[in-house]
Structures are given as C-alpha cells and as structure tokens.
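Topology and contacts: notes
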Amino acid sequence: MDMLMFQLDRRNSVPLYNQLYQEIKEAIAAGKIPVGTKLPSKRKLADFLAISQTTVELAYSQLVAEGFIEARERKGFFALPVEELAYLDVPHEEPAAPGERFEYRYDFNPAKIDTRSFPFSTWRKVAKEVMDEMNHHLLLSGHPQGDEALRQEISRYLFQSRGVVCDVDQIIIGSGTEQLMPLLIRLLDKGVLFGFENPGYALTHSIFEHYDRKAVPIAVEEDGISVHSLEVRGVDIAYVTPSHQFPTGTVMGATKRAQLLNWAASKPERYIIEDDYDSEFRYTSRPIPALQSMDRSGRVIYLSTFSKSLMPSLRIAYMVLPKRLLRSYQQTFLHYSSSVPRMDQQLVADFMKQGHFSRHLNRMRKLYKKKLEQLTAALRPFAPTVKVSGEQAGMHIVLTVQTVFSEEQLVERAKAAKIRVFGIGSYDVEQKTVVPPQIVLGFGGLTAEDIEKGIPELMRSWDIPIKKAGHQ
Ligand SMILES: Cc1ncc(COP(=O)(O)O)c(C=O)c1O
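Only a predicted model underlies this, so the values are computations on that prediction, with no experimental measurement involved.

What follows is about the environment of Leu-230. Within the secondary structure, Leu-230 is located in helix 8 (residues 227–232). Judged by its relative accessible area of 0%, Leu-230 is buried. Considered as a pair, Leu-230 and Ala-264 are 34 residues apart in the sequence and their alpha carbons are 9.9 Å apart. Setting aside anything within four residues of it in sequence, one finds Leu-230 in contact with Ile-218, Ile-225, Val-235, Ala-238, Leu-260 and Trp-263.

Let's shift gears to the UniProt feature "domain: HTH gntR-type" (unreviewed entry) in the chain. Mapped onto this numbering, the UniProt entry gives "domain: HTH gntR-type" (unreviewed entry) at residues 14–82. The span residues 14–82 carries 51% helix and 12% strand; its end-to-end C-alpha distance comes to 25 Å.

Right, let's get into the pattern of salt bridges. Considering all chains together, one arrives at 22 salt bridges under this definition. Here Lys-432 makes a salt bridge to Asp-428, at a shortest N to O gap of 3.1 Å. Measuring nitrogen to oxygen at the nearest pair gives 3.0 Å for the salt bridge that ties Glu-430 to Lys-432. We classify Glu-430 as partly exposed; its relative accessible area is 44%. For Lys-432, a relative accessible area of 42% puts it in the partly exposed group. One connected set of salt bridges, linked through shared partners, spans Asp-107, Lys-112 and Arg-420.

Here 8 strands make up an open sheet; going across it, the order is 4-11-10-9-8-5-6-7 and the pairing mixed. Strand pairing shows two members of the sheet lacking a second neighbour, strand 4 (171–174) and strand 7 (224–225), which therefore form its edges. As paired elements, strand 4 and strand 11 (residues 317–320) share 4 bridges and run antiparallel to each other. Bridge assignment links Gly-174 to a residue of strand 11, and that residue is Ala-317.

Checked against the element boundaries, Lys-256 lands in helix 9 (residues 254–265). Within polar-contact distance, the side chain of Lys-256 engages the side chain of Asp-223 at 2.9 Å. Engagement of the side chain of Lys-256 in a polar contact is seen with the backbone oxygen of Gly-224, the distance being 3.2 Å. If we skip the residues at most four places from it in the chain, Lys-256 touches Glu-221, Asp-223, Gly-224, Ile-225, Ser-226 and Val-227.

Domains assigned within the chain are domain 1 (1–94), domain 2 (106–111 + 365–461) and domain 3 (120–358). One C-alpha centre belongs to domain 1, the other to domain 3; they are set 57 Å apart.

Attention now moves to the site of the ligand. Near the ligand, the surroundings consist of 13 residues, among which Thr-177, Asp-275, Thr-305, Ser-307 and Arg-315 are the closest. One of the side-chain N or O atoms of Tyr-201 is found 3.5 Å from an oxygen atom in the ligand. One nitrogen or oxygen atom from the side chain of Asp-275 is found 2.6 Å from a nitrogen atom belonging to the ligand. In terms of residue class, the shell around the ligand is built from 4 nonpolar, 5 polar and 4 charged.

Quick notes on the rules
Residues numbered from 1 in each chain as written. Predicted model: local features only at pLDDT ≥ 70, side-chain atom pairs only at ≥ 80, totals over all residues. Heavy atoms only, no water. Helix = DSSP H or I, 4+ residues; strand = E, 2+ residues; numbered from the N terminus. Buried < 20%, exposed > 50% of the residue type's maximum accessible area, 1.4 Å probe, protein only. Contact = heavy atoms within 4.5 Å. UniProt positions renumbered as here; feature names shortened; annotations may be inferred. Salt bridge = Lys/Arg side-chain N within 4 Å of Asp/Glu carboxyl O. Pairing = 2+ DSSP bridges. Polar contact = N/O pair within 3.5 Å; in protein donor to acceptor, adjacent residues only side chain to side chain. Domains from an automatic or database assignment. Near = heavy atom within 4 Å. Nonpolar A, V, L, I, M, F, W, Y, C, P; charged D, E, K, R; others polar.

As structure tokens, this is what we get:
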C-alpha cells in the first residue's frame, strides 16, 4: 500500500497520533487494509499527511503494541490478522431502579454509632504523624497477619480489658468481622457443622450460606445459646456473642459459659467462635471477661472489631486464633497480604499507644450510658405495656410490647410515622412469630433530643397510651 488517506483534524482535542492510530486500527479491523499489507513508511506517510514523523511513529508503536501491525526488520510495517471480536446479543436490561430512599425522622438502627463525639482533632494529629516521610517503609507491604505494632496494641488491650491471653502471633487483622469470618470458615474443615445463634447476627448466617457450609440455627435461651441443642444437633463449631447476644442483648451466664467450654472440650474437632463485637460498652456491674480467657483447651476463636469502638467505616477487626489452628492458617493463607492498609493500621496502633483509645472508650461509655438512661427513662411511662431488656451493654435494647399488633405491624406503623425500628423476627432465620412482639431499638446514633421526642411518637404510632401519674 503506497499511501493511506485519512482526514486528520488539527482542531480536534484528540491528538493527531491518536486520530491516526484510530483510523488505521479501524481500517485493519474492517478489512480495508488487508492482512499482510505493507504500510507506507513513516517518512512517506508523514509527508503525505503533512504531519511530523514522530506523530506517525507514535501511532505505529501503539498499533504494534496492540497487535494490529508488526514491524519486520528493514522491511517495514505490516498489517496482522485481527481476531474478530464476537458480538454477543446481550439483551438490554434497564438498570435497577434506585432503592427507595426513605427519610426517617428517628432512626433506631442498632448499627449506628455516635458520630458527633468522635475525637476528630486527635485522630487528625495522629494521622498527620503517621503520614510522614519517616514512615516511608509503610509504603511497602507489611506482615500478612497485620502490622506487629497494631497486633502488640491489640494484645495489650485485650489482656487488660477482656482478660484475653494471647501471643502477638495469634492475632490476625482483617477488614471487618465480615472479612475474617470467611477466612476462618475456609480454614476449618469443610465438612463440619456450624451452629449459630437464632435470633442472631444475620451476616454470619449468610456467610455460612455463601461458602456452602453446613450450618444450623440454635435457640438462644435466657442465659445464652442452648448448649443442649448444640449437643443434640451434632454441632461441631458454635458461633456465639456471649458478652451481649445480638440482638436479644442476653449476657451469657457463668454456668452457661462453663457448659459451653466443656461442650467444646469434649470432642477434638469442636470450637467456639466468640464474637465480642461490643464488649467495650458495658454499663452495669463488672465487665465479664471473654470466654477465651476461661478456655483451658484452646477451643475458643476470639473475634472483635473496631466498628463499634471507633467507627464502622474504618473496616478493621481482628481475631485471635488458638495455637493449634495457627500453623494451618499460616500455611493456607501464606500468599495473602493483609487486607487493611498499613497507614490505617499504624494510625490505630498509635492512637492506642498514646492512650487516646482508652480515653475515647471511657468517654463514649459514659455518653452511651447517658443515652441509655435517657432512653429507659423515656420508656418508663409506657411500662408495663412496654418492657425493656438487654440493657446491660452495647448500643441497643429490646422492647417486649403487649399489644394486639404483630411485630411487622409495629415496624410498619413506626415507618408510617417515619421512625425506623427493627423487629426481632428480622434476625430469626426461621421467622418464628414471637408473641408478644419484640422490637430492637438501637440508640447509638441518636441525640438526647431524638430520644426525648422520638419515643413518645413511637408509642403514639403503636397506640400505646402514656401511663397516667398516680396509676403506678
Ligand atoms: C454481632 C456483630 N458482630 C460483628 C459486628 C461488626 O462487624 P464488622 O467488623 O464487619 O463491622 C457487628 C456490627 O454490628 C455485630 O452486630
């Protein structure tokens, strides 16, 4: 081919070399430049199109790089066969309509924390210290289990506040409980039977399902998961939230703790996954040490998160593996890097090391305790129609409501009043109807004013009259 005639537009914002590249590419793909054809030399084409040789050179190099032409030494450039791209007749699907965005006036979502009281200036100061040239090593990948600095701090904190005894080696840092749970599940034998609390944390249940693991719901009794059911149903690994059962708020009693540990110790393949997600916030009586601290046979896999204590958007959680699982973990996940950015790990480590974390927890504990008191005080005039439970810890409580309405009706009526609440049934995989209905109320994200105004409005939406003074 002696020459190639293309109309290149100098006023176009697309550079000339790019226009030329596109034109030649399309001509080859359309068969207008047949396979094996020799293209004009760079100099000839540049002269012909009145452009610089560099422009042609750039276009040709791009075409060579993408396999449209090849350069044969001392011979020139030749068009190559182009594999035809198959065009699949993909049915056009309308994008899903954006989800209904319902504006709630009062949101009792248990996943919310108090975002107004976060120590932003301290966090910024520590972050600034971390983002420093001195820390250039943080640009490189770190330890696959998470940086030692953070694991040291977590180990110290867990020992002091939860009685958890572990080596730094046993700690694995990940992007949330939801990322660590699948890792853990993949580590354990595929054939084992998991037992999870019902009602319980919905995410755990879906993880078992997504990873195709056998899992059965186990009832939660007044003092925690039914150990009898674990035994009867042949469960190997129990997932529990003993410090503050999610969502009922039950605290596992001492007897049940001992029973559960003995259950685990009685067969070699048994384990307990202890999810200690909100144990930092305990309001009545002494803090109860973690189950892990009572474990004498290495059967407790301890999990916790910074989602409640710092912020859910941080996406940092950690697990403490029993030593007997550690080697297998290290072999299985040898090639995986930590899923948490190192700068963030260092920031949390320094925040803890400088004492800001414990100060923050002390402040937040007082603040949440105050909110809880405001909430229970606001609910008092509606007793005994409305009974409060699960108030020893965390950021949510449960209301048992004596009413003619079902749980779904209570949730719907609240929604009609633009108040968001959750029925306990929504955490129950068997969707059993609970009578009288129970409603989960999260209070972490609400202000004192929201609580004061929101509760009477919620009660009004449920047709629950305020108790008259003197009718105690
Ligand atoms: C029982 C339970 N576990 C764990 C978490 C935190 O999960 P993550 O660390 O993935 O944010 C929550 C948060 O609400 C929870 O309720």
